[in-house]
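Remarks on the overall topology
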Amino acid sequence: MRTSTLRCLVLIVGLSKELPSNSNKMAQFQEVMRQQLESSMHAELEKLVGTAKGAEVSKKDFEGFRKLFHRFLQVKGPSVEWSKINRPPEDSIQPYDKIKAKGLPHYIADSLNKLVVVKLNGGLGTSMGCKGPKSLISVRNENTFLDLTVQQIEHLNKTYNADVPLVLMNSFNTDEDTKKILQKYTHHRVKIHTFNQSRYPRINKESLLPVAKDMAMTGENADVWYPPGHGDIYASFYNSGLLERLIAEGKEYIFVSNIDNLGATVDLYILNHLVSQPNGKRCEFIMEVTDKTRADVKGGTLIQYDGKLRLLEIAQVPKAHVDEFKSVTKFKIFNTNNLWISLSAIKRLQEQNAMDMEIIVNPKTLDGDLNVIQLETAVGAAIKCFDNALGINVPRSRFLPVKTTSDLLLVMSNLYSLEAGSLTMSERREFPTTPHVKLGSSFTKVQEYLTRFESIPDMLELDHLTVSGDVTFGKHVSLKGTVIIIANHGDRIDIPAGSMLENKIVSGNLRILDH
């Protein structure tokens, strides 16, 4: 099909998402256009598969992509009607303290033996200036995210004489490097499994066809493939055969979380609540939520919609209501992406083709200023598909993501103590909240960040830290209250070893010279 014809089709389908159809004829015409776009996409995918050598591509991946693309063409406008949004019923989001008050039975090891820990391990460390999987970045005492995860689960297995396995959902970006590292855990008391999430083609925004010309992953094709978000876990887990295998071994639930969330440890009280529900009301899905602060205004929240508990993401919100969505008074909680899900329910929904998740359209710009889109889904969006789904409002300590070097500074500091792979807030900190830390662009990359600290400052009494420009810290620096350090362009500030800064603004130029 000629490019000019495709442009017309794309424009018509795009308009049909925004304008109400005035007649049956218009609706029929739009449907014909959509079918032609799908036919063009199908032909392009068949060409790509034809270029594959051996088992380079899974046909199941492309089948999943076709379904996603079909739904993308069908969607008209925002996926929610704002007037239909209701607050969740009170009993649908339980306070953690109420769950914890039940205590633990003596047979909690039996419950642990029904559990599998799944970590989302598809991301790279590029945003922090690192090559390879983000899970292999050192975050505390030279321990990586993966090291800490293995230590946590091994500690559980040893303490309760249990058999909790670890499953890593890798992407084509992280699989090879991760598998090499896994050899170091051979003698740990943790069984480790991996499976790969799908590999989908990026779509030219103008033509709505794949950018890729063949199945290669190198050269010109290096940026034309993507892993389609963590909502892909359900299909990929099922297609890998690992889901069936774990069910056969007697496993009933998975605890899913991002590998860079250092607060996402196995919580025995939530696990006990999950397994102790009566059979007729067995909860198939628990989402951990926590109170929203002004730093979390873009985070997804739980709503009641069409009689079901549902995750509402900012991408689904009509533009006129975005400010309302960000309000911390109307939407008081957000999704931590710590999820507890029934394995048998995942199997049932996959086999019934009933896993319904809203599509996230993620725009990107490739080299050469080529505008593309990638179609993704979020794992939490499936909450509406499961029976007796529940939210639990957990302490903020269960949400400790490390997305930037500012986050890294917090978890490396004396604000947290490390034991058996788990970080807990120091008892010596008088406030339960973490300080607000904002490091400037000179600290963005991990390697440069590390060279700017001779040792990590004492931050036990810190409320707020802003650092901008060429700044370095000597050994044994102490930061208290609100500290703002700004080195203007061309200036440099060296904070001397042993300094104590309390409620201070430091600016200008301060050089500590070697003698």
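Rules of the game
Residues numbered from 1 in each chain as written. Predicted model: local features only at pLDDT ≥ 70, side-chain atom pairs only at ≥ 80, totals over all residues. Heavy atoms only, no water. Salt bridge = Lys/Arg side-chain N within 4 Å of Asp/Glu carboxyl O. Helix = DSSP H or I, 4+ residues; strand = E, 2+ residues; numbered from the N terminus. Buried < 20%, exposed > 50% of the residue type's maximum accessible area, 1.4 Å probe, protein only. Pairing = 2+ DSSP bridges. Expected span 1.5 Å × (residues − 1). UniProt positions renumbered as here; feature names shortened; annotations may be inferred. Contact = heavy atoms within 4.5 Å.

Following the criterion strictly, the structure yields 29 salt bridges and no others. One salt bridge in this structure joins E63 and R66, with 3.5 Å as the shortest N-O distance. In this pair, E63 and R66 are both assigned in helix α3 (residues 59–74), 3 residues apart and thus about one turn of the helix distant. A relative accessible area of 40% places E63 in the partly exposed class. The residue K179 makes a salt bridge to D175 at a minimum N-O spacing of 3.3 Å. Taken together, the residues span about one helical turn, with K179 and D175 both in helix α7 (residues 175–182) at a distance of 4 residues.

Attention shifts here to the pairing of strand β19 (residues 422–425). Relative to β19, strand β18 (residues 416–419) runs antiparallel, the two sharing 4 bridges. Residue Y416 lies in a different strand from β19, and its bridge partner there is M425. In this structure, the hairpin formed by β18 and β19 is closed by a connection of 2 residues, where A420 is found at a positive phi of approximately 50°.

This next bit is on α3. Taking 1.5 Å per residue, 16 residues should reach 22 Å; α3 reaches 23 Å between its end C-alpha atoms and fits that length. Along α3, the residues that are buried comprise D61, F62, F65, R66, L68, F69, F72 and L73.

A few words on the UniProt feature "binding site: substrate" (unreviewed entry) in the chain. In the numbering used here, UniProt assigns the "binding site: substrate" (unreviewed entry) feature to H230. By the element assignment, H230 lies in the loop between β9 (225–226) and α8 (233–240). Classification of H230 as partly exposed rests on a relative accessible area of 27%. Beyond its immediate sequence surroundings of up to four residues, H230 is in contact with L120, M169, N258, N337, T377, A378 and V379.

Attention now goes to the UniProt feature "binding site: UTP" (unreviewed entry) in the chain. When the UniProt feature table is mapped onto this chain numbering, "binding site: UTP" (unreviewed entry) sits at K134, Q197, G229, D260 and K403. Here K134 falls in the buried class, since its relative accessible area comes to 10%. If near-sequence neighbours (up to four positions away) are discounted, K134 is found in contact with G123, L124, G125, M128, F145, D260, V402 and K403. Note on placement: K403 falls in the loop between β17 (390–393) and α13 (405–412).

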